[in-house]
Amino acid sequence: MIDFRFYLVTDRGRCAPRSLASVVHDACVSGVRAVQLHEKDLSEPDLIGAATRLASVMRPRGAKLFVNVSPFVDRDTAAILAASPGVDGFHVPDDPSLLVEFRELFPKLLIGASTHAPDGVRNAASTGADFVTFGPVFKTPAKSRGKSHGLDGLAAACAGAGAPVFAIGGVTADRAKECLDAGAHGVAAIGAVMGASSVRTAVRQFADAMGSL
């Protein structure tokens, strides 16, 4: 069951010199209920260690932890993570075959999927994703030269999606309500929280704009 509307995606580079665990702690204390550990360059032991540290600060708040399926997450690593206390699921890239594999391997866990086209949203939902992120909706510094879908593209992706859709890509607190009005179940954010001087203030701004997290 997807009982959250705000999905925090980590980027430890943006929150330095603060530790990732301290930023996630402040976010969860402020009401964030779902976090994706998205550190694709971490080796297997470092990724497992990071997941353990995040789980320790998230579990007391009842927040869900998803681990992004990076190049270092093979079947054995995924099995270790899946058995770790506090890991609630995985988030797979825009790869239908990988989504099928993880859905079959972990039928009891929640599986999120990244998508970048309206058809991709519907395909991911029909393949077994419990929720999908769609974007980029707005231009972001990381994807300044790529295509952004805009609110019309988001609305098209949400229509008949078959699973909760989270808007991602340049989403700020000021834009969150527009995404919900376009049909999104919720929003996902990276820099707007990870790079904020006050994580707690940034999260409260999203909560005020959305009504609930």
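Just above sits the structure.
Small disclaimer: the values here were computed from a predicted structure and weren't measured. (Residues numbered from 1 in each chain as written. Predicted model: local features only at pLDDT ≥ 70, side-chain atom pairs only at ≥ 80, totals over all residues. Heavy atoms only, no water.)

Undergrad: Explanation requested: the overall build of the protein in the structure shown.
TA: Summing up its helical and strand segments, the protein has ten helices and eight strands in all. The C-alpha radius of gyration of the protein comes to 16 Å, within 12% of the 17 Å expected for a compact globule of 213 residues. If one aligns the C-alpha atoms of the protein with their principal axes, the spans along those axes are about 40 × 40 × 35 Å. Residue burial in the protein is summarised as follows: out of 213 residues, 51% are buried. Partitioning the intrachain contacts of the protein with sequence separation of at least 6 by distance along the chain shows that 62% fall at a separation of at least 24. Accessible surface, the protein as shown: approximately 9,400 Å² in total, 51% of it carbon and sulfur. When the 22 basic and 21 acidic side-chain charges of the protein are each reduced to a single mean position, those positions are 5 Å apart. (Helix = DSSP H or I, 4+ residues; strand = E, 2+ residues; numbered from the N terminus. Rg over C-alpha atoms; globule rule 2.2 N^0.38 Å. Buried < 20%, exposed > 50% of the residue type's maximum accessible area, 1.4 Å probe, protein only. Contact = heavy atoms within 4.5 Å. Areas by Shrake-Rupley, 256 points an atom, 1.4 Å probe, with all protein chains shown as cover. Lys, Arg positive; Asp, Glu negative; His and termini not counted. Charge placed at Lys NZ, Arg CZ, Asp CG, Glu CD.)

Undergrad: Just to check I follow, could you spell out the pattern of salt bridges for this structure?
TA: For side chains bearing opposite charge, pairing can occur when the charged atoms are close. Applying the stated rule across the entire model yields ten salt bridges. Glu101 serves as the salt-bridge partner of Arg75, at 3.0 Å between the closest nitrogen and oxygen. Of this pair, Arg75 sits in helix 4 (residues 75-82) while Glu101 sits in helix 5 (residues 96-105); the two residues are 26 residues apart in sequence, bridging distant segments of the chain. The structure contains a network of salt bridges with shared partners spanning Asp3, Arg33 and Lys64. (Salt bridge = Lys/Arg side-chain N within 4 Å of Asp/Glu carboxyl O.)

Undergrad: For this particular structure, what's the right way to read helix 7 (residues 150-158)?
TA: What sets the pattern is the α-helix's 3.6 residues per turn: residues three or four places apart point alike. Turning to helix 7, its buried residues are Gly153, Leu154, Ala157 and Cys158. For helix 7, the angular spread of the buried residues around the axis is 135°, confining them to a single face. Where helix 7 is buried, its residues contact helix 6 (118-127), strand 6 (131-134), strand 7 (165-167) and helix 8 (173-181). Gly160 lies just past helix 7 and shows a positive phi near 65°. (Arc of directions from axis to C-beta.)

Undergrad: Even after reading the chapter, I still don't get the nonpolar core, so can you show me in this structure?
TA: Most often, soluble globular proteins keep nonpolar side chains buried together rather than apart. With 69 residues, the main nonpolar core has Phe6, Phe90, Phe102, Leu154 and Phe206 as its most contacted residues. Element by element, the count of residues in this core is highest for helix 3 (residues 44-58), at eight residues. With residues near it in sequence (within four places) discarded, Phe90 still touches Phe66, Val67, Val69, Ala78, Leu81, Ala82, Phe102, Phe106, Leu109, Leu110, Ile111 and Gly112. If you look at the next biggest cluster of nonpolar residues, it comprises eleven residues, including Tyr7, Phe66, Phe166 and Ala188. (Core = buried A, V, L, I, M, F, W, Y, C linked by side-chain atoms within 4.5 Å.)

Undergrad: Just to check I follow, could you spell out the packing of helix 2 (residues 20-29) against helix 10 (residues 199-210) for this structure?
TA: Geometrically, a packed helix pair is captured by the angle between its two axes and the distance between the axes. Contact pair helix 2 / helix 10: the axes reach a minimum separation of 8 Å and the direction vectors enclose 40°. What the angle tells us is that helix 2 and helix 10 run oblique. Seen from above, helix 2 lies across helix 10 with right-handed handedness. Only Val199, Arg200 and Val203 of helix 10 make contact with helix 2, whose side of the interface consists of Val23, His25, Asp26, Ala27 and Val29. Of the residues contributing to the contact of helix 2 with helix 10, the split by class is five nonpolar, one polar and two charged. (Axes fitted to C-alpha atoms, helices over the stretch in contact; angles between N-to-C directions. Parallel < 35°, antiparallel > 145°, perpendicular 65-115°, else oblique. Left-handed = near helix turned anticlockwise from the far one by under 90°. Nonpolar A, V, L, I, M, F, W, Y, C, P; charged D, E, K, R; others polar.)

Shape is all these values report; function is a separate question.
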